[in-house]
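Residue-level listing of the chains:
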Amino acid sequence: MLRTSAETIGFVVFMIAVVVWRAWETYRKQGSVRGVTSMLWSFYAMVALTILIFGGTVLEFFLVKRTFHPSLSLLGILLFILANLLRLRATRTLGNFWSLHVEIRERHQFVRGGPYAFVRHPAYTSFVMEHIAVPLVGNAWWSLAATVLLYIPMILLRLNKEESALVGKFGDAYRAYQREVGALAPKPMAFRRRVVPR
């Protein structure tokens with residue numbers, strides 16, 4: 001069925017909120033602890049892909065005539081909220097060591113608490129969830145395809161580089177963490193109660 005005026009207004013309000021939220025999140029003051037960055041270009045590539053996917057969602061919503069599914073839109077809103085709650089928790093867990101770049105600090109700490117007990121890169125997980133969520137809200141299938149074909153491979157490329165840097169910094173301790181905890185999705189053993197030896 002064709003979308004109603006209320007659904008169109010709701011979509012516009014949602015997209016304005018997304019743009020304001022992402023602008024604040026991207027440009028807010030980061031921690032004072034700085035380090036050595038690598039793959040700096042990938043940050044700009046991710047920003048460009050976000051503009052492509054979110055902008056494409058808006059264009060598809062208004063220009064492509066197709067059946068609108070409100071239930072998928074609501075699912076996208078829920079997924080977007082969950083993604084950003086996860087990212088907020090991840091950034092708060094890292095504190096001053098949070099960065100939008102692939103960055104290792106001199107006094108970098110190995111964090112396994114909070115969401116890092118279940119996935120090694122919860123912020124990347126949240127980015128993937130968010131870039132699936134926004135096209136779902138707009139029922140924008142071409143933009144969703146761009147997430148799968150362009151954005152997720154960029155995330156995986158960055159993740160591999162970051163993993164190499166973290167292994168270089170923390171060695172065997174991080175390799176053990178890789179065996180126990182999934183990169184983007186939890187492994188079953190991450191939910192098992194850990195017994196601390198006495």
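Residues numbered from 1 in each chain as written. Predicted model: local features only at pLDDT ≥ 70, side-chain atom pairs only at ≥ 80, totals over all residues. Heavy atoms only, no water.

A. Spatial organisation of the nonpolar core. Within the largest apolar cluster, 39 residues are counted, with the highest numbers of intra-cluster contacts made by Phe-14, Phe-127, Tyr-151 and Ile-155. Taken together, the elements giving at least two residues each to this core come down to helix 1 (5-27), helix 2 (40-63), helix 3 (70-94), helix 4 (122-137), helix 5 (141-170) and helix 6 (172-180). For this core, the leading source of residues is helix 5, giving eight residues. (Core = buried A, V, L, I, M, F, W, Y, C linked by side-chain atoms within 4.5 Å. Buried < 20%, exposed > 50% of the residue type's maximum accessible area, 1.4 Å probe, protein only. Helix = DSSP H or I, 4+ residues; strand = E, 2+ residues; numbered from the N terminus.)

B. Quick peek at the environment of Thr-91. Within the element layout of this structure, Thr-91 appears in helix 3. Note: C-alpha distance between Thr-91 and Pro-122 (31 residues apart in sequence) is 9.2 Å. Those residues in contact with Thr-91, other than ones at most four positions away along the chain, are Arg-28 and Trp-98. (Contact = heavy atoms within 4.5 Å.)

C. Spotlight on the layout of surface pockets. Estimated volume of the largest pocket: approximately 800 Å³. Listing elements by their share of the lining of the largest pocket, those giving two or more residues are helix 1, helix 2, strand 2 (102-104), helix 4, helix 5 and helix 6. No other element matches helix 1, which puts eight residues into the lining of the largest pocket. Considering only residue class, the lining of the largest pocket consists of 27 nonpolar, eight polar and seven charged. (1 Å grid on protein atoms, 1.4 Å probe; cavity = no way out; pocket = protein on both sides within 12 Å on 5 of 7 lines; lining within 4 Å. Points joined across faces, edges and corners; volume = space filled by probe spheres on them. Nonpolar A, V, L, I, M, F, W, Y, C, P; charged D, E, K, R; others polar.)

D. Representation of the environment of Met-15 within the structure. Here Met-15 shows up in helix 1. Judged by relative accessible area, Met-15 falls into the buried class, the value being 6%. The sequence separation of Met-15 and Val-137 amounts to 122 residues, and the corresponding C-alpha distance is 9.3 Å. Excluding anything up to four places from it in sequence, Met-15 contacts Phe-54, Val-58 and Val-134.

E. Highlighting the pattern of salt bridges. Counting across every chain of the model gives eight salt bridges. Linking Arg-87 and Glu-130 is a salt bridge whose minimum nitrogen-to-oxygen distance equals 3.1 Å. Of the two residues, Arg-87 sits in helix 3 while Glu-130 sits in helix 4, which places them 43 residues apart along the sequence. We note that Arg-87, like Glu-130, is buried. Between Asp-172 and Arg-175 there is a salt bridge, with its nearest N and O atoms 2.8 Å apart. Highlighted residues: Asp-172 and Arg-175, both in helix 6, separated by three residues, approximately one helical turn. Judged by relative accessible area, Asp-172 falls into the exposed class, the value being 59%. (Salt bridge = Lys/Arg side-chain N within 4 Å of Asp/Glu carboxyl O.)

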